[in-house]
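In case you want the letters, here they are:
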Amino acid sequence: YHKLMNKIIFLPLTLALSASLPAGTTAYWRLEEGVVGNSIDAALDSSGNGLNQNGKGGSPTYSSNVPGAFIYDPITSSTVANTLSMSSLAPNSRIHTANSDALNTSFTFEMFIQIKGEPAAYHNFANRIGANTDKWQIDFDHGNKGSFGRPRVRMDTPDGDNVNYVTAQAGWNNLPSDRRIWVDSEEAYDGASPPVYGDAADWSTVGDGINDNLAWRHLAMTFNQDTQEVSFYLDYELSGSRTLVDEDGSGYVHPDAGIRFGKTGNSEYEMYVDEGRYSDSVLTPDQFLVAVNVPEPSTTVLWFLGGALLLRRRR
């Protein structure tokens, strides 16, 4: 995972978990308000801005499968318990959130995703769509590679300057296996020894059709509305950046819609989503949410601990 994972400090202390959010959080859907197996019908925006769930597709349910027992926020040095996620097993299982002018800023949208199966065709995992010519989305591009894909961002602007404007990891056949959104190989992928694909022109002709990489992945999209630069990150590493075309000088028009995230597609493959956060600025990778299994001590706790040790030394 991320370099922050290496910063976890094991302390024989009971750490208080803080639920405080960064001032720049426009909406944060933690998916923690339900019961395992129950339908997700009223997911809350924990930022307090009221952008709660107002609809859904398919049959999203609560699951106990999570990327980590805790979610660490580097911006506030706060840690919160993480017990539930969204299961999107049924086709088109996703949640819809309320629209708001508060979404019309430079932004970062991030989420955790796990795929236990292989989508049969093109799918997207998060989007804000005002119309087919007015949208952004996080999806995957399977191209002619069968059910194998690279994650990416697509943007379309209503003035026609940008149609299917894609930001993604470059290099199809040379794309490292850990930069693909899932891996299918003849032998199970253990996370340490990536499968070898050789020069296969079509990844779908290689392997046994089973998704061997069951790791949770962190996806993040950033957009600077002043420079109109869009970037996509996979597991805290930059996959690509591009600047939107603006030949008519009209600027960027935000889609007039809420956000939808989960599964958008008719396949019945296992998919889990957790911790969807929308921030009102362009965050850097060291500010993205991190899933951990041991709580990261807050700076306040470390400060008090350091003070206690200093007093003990003086005595």
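The structure reproduced in this document is the subject of the present report. Values in this document were obtained by computation on a predicted structure and should not be read as measured data.

## What about the sheet that holds strand 18 (residues 290-292)?
On the basis of which strands lie adjacent, the open sheet formed by three strands has the order 5-4-18 and antiparallel pairing. In the strand order of this sheet, the two ends are held by strand 5 (78-81) and strand 18, each with one partner. On average, each strand axis in the sheet is inclined to that of its neighbour by 30 degrees, with strand direction left out of account. Here strand 4 (residues 70-73) pairs with strand 18 via three bridges, running antiparallel. Looking at the pairing, Tyr 72 lines up with Val 290 of strand 18.

## Comments concerning the nonpolar core
Membership of the largest hydrophobic core comes to 41 residues, with the highest contact counts inside it found for Phe 109, Phe 125, Trp 136, Met 155, Leu 219, Phe 261 and Tyr 278. Secondary-structure elements contributing two or more residues to this core are strand 1 (25-29), strand 8 (107-116), strand 9 (124-131), strand 10 (134-141), strand 11 (150-156), strand 13 (217-224), strand 14 (229-234) and strand 17 (270-279). The dominant element in this core, judged by the number of residues it contributes, is strand 8, at five residues. Not counting the four nearest positions on each side in its chain, Met 155 is found in contact with Lys 135, Trp 136, Asn 162, Val 163, Asn 164, Tyr 165, Met 221, Phe 223, Val 230, Leu 244 and Tyr 252. Ranked by size, the runner-up nonpolar core spans 17 residues in total, among them Ile 71, Phe 112, Trp 216 and Tyr 236.

## Quick word on the packing of aromatic side chains
Counted by the stated rule, this structure contains 10 aromatic pairs. Seen in terms of ring centroids, Trp 29 and Phe 261 are 5.6 Å apart; in terms of plane orientation they differ by 45 degrees. Their pairing is tilted. Of this pair, Trp 29 sits in strand 1 while Phe 261 sits in strand 16 (residues 260-264), placing them 232 residues apart in sequence. This pair shows no difference in class: Trp 29 is buried, exactly as Phe 261 is.

## Some words on the pairing of strand 16
In this sheet, strand 16 lies alongside strand 7 (residues 94-97) in antiparallel orientation, the contact comprising three bridges. Following the sheet pairing, Arg 94 is matched in strand 16 by Gly 262.

## Regarding the pattern of salt bridges
Inspection of every chain in the model, using the stated rule, returns seven salt bridges. Among the salt bridges present, the one from Asp 156 reaches Arg 154, with a minimum N-O distance of 2.8 Å. Asp 156 sits in the buried class, given a relative accessible area of 2%.

## Some words on the side chain of Arg 154
Its place among the elements puts Arg 154 in strand 11. Engagement of the side chain of Arg 154 in a polar contact is seen with the side chain of Asp 156, the distance being 2.8 Å. Among the polar contacts made by the side chain of Arg 154, one reaches the side chain of Asn 164 at a distance of 3.3 Å. Excluding residues that lie within four positions of it along the chain, Arg 154 makes contacts with Lys 135, Trp 136, Gln 137, Asp 139, Asn 164 and Tyr 165.

## Quick notes on unusual backbone geometry
Excluding glycine, most residues fall at negative phi; most peptide bonds, likewise, are trans. Its identity is not glycine, yet Leu 31 carries a phi of approximately 60 degrees, on the positive side. Tracing the sequence through the fold places Leu 31 in the loop between strand 1 and strand 2 (53-57). Residue Gln 228 is not a glycine yet carries a positive backbone phi of 60 degrees. By secondary structure assignment, the location of Gln 228 is in the loop between strand 13 and strand 14. Residue class for Gln 228 comes out buried when judged on its relative accessible area of 9%.

## Description of the side chain of Ser 63
Inspection of the secondary structure puts Ser 63 in strand 3 (residues 61-63). According to the relative accessible area criterion, Ser 63 is buried, its value standing at 10%. In this structure the side chain of Ser 63 is engaged in a polar contact, spanning 3.0 Å, whose partner is the backbone nitrogen of Asn 65. Once residues lying within four places of it in the same chain are set aside, the contact partners of Ser 63 are Val 36, Thr 83, Leu 84, Ser 85, Ser 87 and Tyr 272.

## Some remarks on empty space enclosed by the protein
One pass over the structure, following the stated rule, counts two cavities of 30 Å³ or more. In this model, the second largest cavity occupies a volume close to 30 Å³.

Rules of the game
Residues numbered from 1 in each chain as written. Predicted model: local features only at pLDDT ≥ 70, side-chain atom pairs only at ≥ 80, totals over all residues. Heavy atoms only, no water. Pairing = 2+ DSSP bridges. Helix = DSSP H or I, 4+ residues; strand = E, 2+ residues; numbered from the N terminus. Axes fitted to C-alpha atoms, helices over the stretch in contact; angles between N-to-C directions. Core = buried A, V, L, I, M, F, W, Y, C linked by side-chain atoms within 4.5 Å. Buried < 20%, exposed > 50% of the residue type's maximum accessible area, 1.4 Å probe, protein only. Contact = heavy atoms within 4.5 Å. Phe/Tyr/Trp six-rings, centres within 6.5 Å; stacked < 30°, edge-to-face > 60°. Salt bridge = Lys/Arg side-chain N within 4 Å of Asp/Glu carboxyl O. Polar contact = N/O pair within 3.5 Å; in protein donor to acceptor, adjacent residues only side chain to side chain. 1 Å grid on protein atoms, 1.4 Å probe; cavity = no way out; pocket = protein on both sides within 12 Å on 5 of 7 lines; lining within 4 Å. Points joined across faces, edges and corners; volume = space filled by probe spheres on them.

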